[in-house]
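Residue strings, one per chain:
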Amino acid sequence: MKDSSDVLVTAYIGLGSNLDNPVAQIKSARAAIALLEGVSELTFSSLYHSLPMGPQDQPDYINAALSVETYLTPIALLRSLQAIETIQGRVRKDERWGARTLDLDILLYGDEEIDVPDLMVPHTGISERSFVLYPLFEIAPQLIIPGKGIIADLVAKCPLDGLKQMV
Ligand code: ROI
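Residues numbered from 1 in each chain as written. Predicted model: local features only at pLDDT ≥ 70, side-chain atom pairs only at ≥ 80, totals over all residues. Heavy atoms only, no water.

Caption draft 1: Structural detail: helix H1 (residues 22-34). With 13 residues, H1 extends 18 Å from end C-alpha to end C-alpha; this agrees with the ideal 18 Å at 1.5 Å per step. Looking at H1, one finds that the buried residues are Pro22, Gln25, Ile26, Ala29 and Ile33. Buried residues in H1, looked at end-on, bunch into an arc of 95°, giving them a common side. The elements touched by buried residues of H1 are strand E1 (4-17), strand E2 (39-44), strand E4 (61-72), helix H2 (74-87) and strand E5 (103-109). (Helix = DSSP H or I, 4+ residues; strand = E, 2+ residues; numbered from the N terminus. Expected span 1.5 Å × (residues − 1). Buried < 20%, exposed > 50% of the residue type's maximum accessible area, 1.4 Å probe, protein only. Arc of directions from axis to C-beta. Contact = heavy atoms within 4.5 Å.)

Encoded structure:
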């Protein structure tokens, strides 16, 4: 299967971490993504401090969003992001919604809607999770999310849930 195509696509990636120095994890992931072949960074959001969604007996999270231009196919981009997660010490456990050193999610890939076993785009929860939606809104305030609508409308309906933009 081909890993890349001739078309340049704008993709949005969500970053999250709540273990092993989350701020450093996010910064290091940003650098690793910028080094991927066929990927160049467009815009990186502020870092955000967020309360854990899911089990509460885990540390708070740092979240951010990033836009890139890429020649990689969605699956090739996903595999590259998973490799970065693994390099940064992510261990996939059975526990649902547990703590993690690094989570890299493809939030959007152009205007595509993708639903294959490993990948759902737009990302599940993109319109309801403040820690995904607000960083995305910061870097792409005009965005239209396929199947969900205008990002500004989604933000207006999404409570902050303790989300704080870091300075
Ligand atoms: N909660 C917050 N605040 N931020 C995340 O990135 C995050 N990621 C997850 C779960 C466990 C659902 N909770 C989260 O995967």
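Following the structure, the description resumes.
Caption draft 2: Just unusual backbone geometry, in detail. Between Val121 and the following residue, Pro122, the backbone shows a cis peptide bond with an omega angle of -5°. Mapped onto the elements of the fold, Pro122 is located in the loop between strand E7 (119-121) and helix H3 (130-139). Look at Trp97: it is not a glycine, yet its phi comes out positive at around 60°. Tracing the backbone through its elements, the reader meets Trp97 in the loop between H2 and E5.

Caption draft 3: Representation of the environment of Ala31. Looking at the secondary structure, you find Ala31 in helix H1. In this structure, the C-alpha to C-alpha distance between Ala31 and Thr124, residues 93 residues apart in sequence, is 25 Å.

Caption draft 4: Here's a closer look at the pattern of salt bridges. Scanning all chains against the criterion turns up 3 salt bridges. The shortest N-O distance in the salt bridge between Arg30 and Glu41 comes to 2.7 Å. Linking Arg30 in helix H1 with Glu41 in strand E2, this pair joins segments that are 11 residues apart in sequence. Residue Arg30 is classed as partly exposed on the basis of its relative accessible area of 33%. Note on Glu41: relative accessible area 29%, which makes it partly exposed. One salt bridge in this structure joins Arg79 and Asp118, with 2.9 Å as the shortest N-O distance. Residue Arg79 is located in helix H2, and its partner Asp118 is located in the loop between strand E6 (114-116) and E7; the two are separated by 39 residues in the primary sequence. The class for Arg79 is partly exposed, based on a relative accessible area of 39%. Judged by its relative accessible area of 48%, Asp118 is partly exposed. (Salt bridge = Lys/Arg side-chain N within 4 Å of Asp/Glu carboxyl O.)

Caption draft 5: The arrangement of the site of the ligand in detail. All residues adjacent to the ligand are Ser50, Leu51, Pro52, Met53, Tyr61, Asn63, Trp97, Arg100, Asp103 and Phe131. One of the side-chain nitrogen or oxygen atoms of Asn63 is found 2.8 Å away from an oxygen atom of the ligand. The protein chains hide 96% of the 350 Å² of surface that the ligand would expose on its own. Its residues placed into classes, the shell around the ligand shows 6 nonpolar, 2 polar and 2 charged. (Near = heavy atom within 4 Å. Polar contact = N/O pair within 3.5 Å; in protein donor to acceptor, adjacent residues only side chain to side chain. Areas by Shrake-Rupley, 256 points an atom, 1.4 Å probe, with all protein chains shown as cover. Nonpolar A, V, L, I, M, F, W, Y, C, P; charged D, E, K, R; others polar.)

Caption draft 6: View of H3. Burial analysis of H3 places 8 of its 10 residues in the buried class, which makes it a mostly covered element. Buried within H3 we find Ser130, Phe131, Val132, Leu133, Tyr134, Pro135, Leu136 and Ile139.

Caption draft 7: Local environment of the nonpolar core. Grouped together as the largest cluster of nonpolar side chains are 28 residues, with contacts concentrated most on Leu15, Ile26, Ile33, Leu77, Leu104, Ile106 and Tyr109. Secondary-structure elements contributing two or more residues to this core are E1, H1, E2, E4, H2, E5 and E7. Residue contacts for Ile106: discarding those within four places in its chain leaves Tyr12, Pro74, Leu77, Leu78, Leu81, Leu119, Met120, Val121 and His123. Ranked by size, the runner-up nonpolar core spans 20 residues in total, among them Leu107, Leu136, Leu143 and Leu163. (Core = buried A, V, L, I, M, F, W, Y, C linked by side-chain atoms within 4.5 Å.)

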